[in-house]
Amino acid sequence: MLTANLILVQLLSQNQLAINVNEEDAYWLAKNIYHEARGESFAGQFAVAHTTLNRVTNEKTVKEVITQAIQDGAGRPLRNKCQFSWYCDGKPDDIKFYHNGKPVQKNIDSFELAATVAIMALSGVAVDNTAGATHYYNPKLANPRWANAFAATKTYGNHKFMR
């Protein structure tokens, strides 16, 4: 059965550049790219990857940045109080690679691209195309209160990038 982890491991084992990246970081970054930007261009997906990485500090891993949320008393993220909306929007976070026992090729292809972008961004093969953005949003879907506190750096597809 194909899973996100299996796709990632296959990509990492096949990499011809001998790129050495942390598998857990690659998994969480790929998952973030998939959920936030799977419909965007290659450049748009790199922009989401780099913006995510621009928020990682020496004290936090990629997973810690992505899963950072305001939590309830039981340690669960509060709905819509996360750094990245997909993580606490109330919808399942699993990527559906099968439907009724048949592969969903569109989802498989989208995750493979997201994983490739994640590996390249983590390895430093691709330069930051956001001019140091630490935030982004889709103006068609959201009008965040914080948007006026940051300067716009780039726009890719439906996402506006800011720092």
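Everything here concerns the structure above.
Our subject in this report is the structure included herewith. All values derive from a computational prediction rather than experimental measurement.

### Brief notes about unusual backbone geometry
Piece 1. The backbone of Asn100 shows a phi angle near 55°, a positive value even though the residue is not glycine.
Piece 2. On the secondary structure map, Asn100 appears in the loop between strand 3 (98-99) and strand 4 (102-103).
Piece 3. The exposed category is assigned to Asn100, whose relative accessible area is 70%.

### As for the sheet that holds strand 7 (residues 159-162)
Piece 1. Spatial strand order, 5-7-6: three strands in an open sheet with antiparallel pairing. Edge positions in the open sheet fall to strand 5 (135-137) and strand 6 (152-156), since each of these has one partner strand only. Adjacent strand axes in the sheet meet at a mean angle of 20°, parallel and antiparallel pairs treated alike.
Piece 2. Direction of pairing for strand 6 relative to strand 7: antiparallel, over a ladder of four bridges.

### Regarding helix 2 (residues 23-37)
Piece 1. Compared with the 21 Å implied by 1.5 Å per residue over 15 residues, the 20 Å span of helix 2 between its first and last C-alpha is a close match.
Piece 2. Of all 15 residues that make up helix 2, twelve are buried, and the element is covered over most of its length.
Piece 3. Those residues of helix 2 that fall on the buried side of the exposure criterion are Asp25, Ala26, Tyr27, Trp28, Leu29, Ala30, Lys31, Asn32, Ile33, Tyr34, Glu36 and Ala37.
Piece 4. Residues of helix 2 that are buried in the fold lie against helix 1 (4-14), helix 3 (42-54), helix 4 (62-66), helix 5 (105-123), strand 5 and strand 7.
Piece 5. Capping of helix 2 at its N-terminal end is provided by Asn22; its side-chain oxygen lies 2.9 Å from the backbone amide nitrogen of Glu24.

### Focus: the environment of Phe97
Piece 1. With respect to the helices and strands, Phe97 occurs in the loop between strand 2 (77-82) and strand 3.
Piece 2. Placed 95 residues apart in sequence, Phe97 and Leu2 show a C-alpha to C-alpha distance of 6.9 Å.
Piece 3. Phe97 has contacts with Leu2, Thr3, Ala4, Ile7, Lys102, Pro103, Val104, Asn107, Ile108 and Phe111, leaving out every residue within four places of it along the chain.

### Some thoughts on the environment of Asp109
Piece 1. Within the secondary structure layout, Asp109 lies in helix 5.
Piece 2. For the pair Asp109 and His50, spaced 59 residues apart in sequence, the C-alpha to C-alpha distance is 21 Å.

### Points about the nonpolar core
Piece 1. Counting residues in hydrophobic clusters, the biggest one holds 38 residues, and the most contacted among them are Leu8, Leu29, Ile33, Phe97, Phe111 and Phe161.
Piece 2. Those elements giving two or more residues to this core turn out to be helix 1, helix 2, helix 3, helix 4 and helix 5.
Piece 3. Those residues in contact with Ile33 that sit more than four places away from it in its chain are Arg38, Gln45, Val48, Ala49, Ala114, Val117 and Ala118.

### Considering helix 5
Piece 1. Between its terminal C-alpha atoms helix 5 stretches 27 Å, which fits the 27 Å expected from 19 residues at 1.5 Å a residue.
Piece 2. Listed as buried for helix 5 are Asn107, Ile108, Ser110, Phe111, Ala114, Ala115, Val117, Ala118, Ile119 and Ala121.
Piece 3. Residues of helix 5 that are buried make contact with helix 1, helix 2, helix 3 and strand 4.

Conventions we followed
Residues numbered from 1 in each chain as written. Predicted model: local features only at pLDDT ≥ 70, side-chain atom pairs only at ≥ 80, totals over all residues. Heavy atoms only, no water. Helix = DSSP H or I, 4+ residues; strand = E, 2+ residues; numbered from the N terminus. Buried < 20%, exposed > 50% of the residue type's maximum accessible area, 1.4 Å probe, protein only. Pairing = 2+ DSSP bridges. Axes fitted to C-alpha atoms, helices over the stretch in contact; angles between N-to-C directions. Expected span 1.5 Å × (residues − 1). Contact = heavy atoms within 4.5 Å. Polar contact = N/O pair within 3.5 Å; in protein donor to acceptor, adjacent residues only side chain to side chain. Core = buried A, V, L, I, M, F, W, Y, C linked by side-chain atoms within 4.5 Å.

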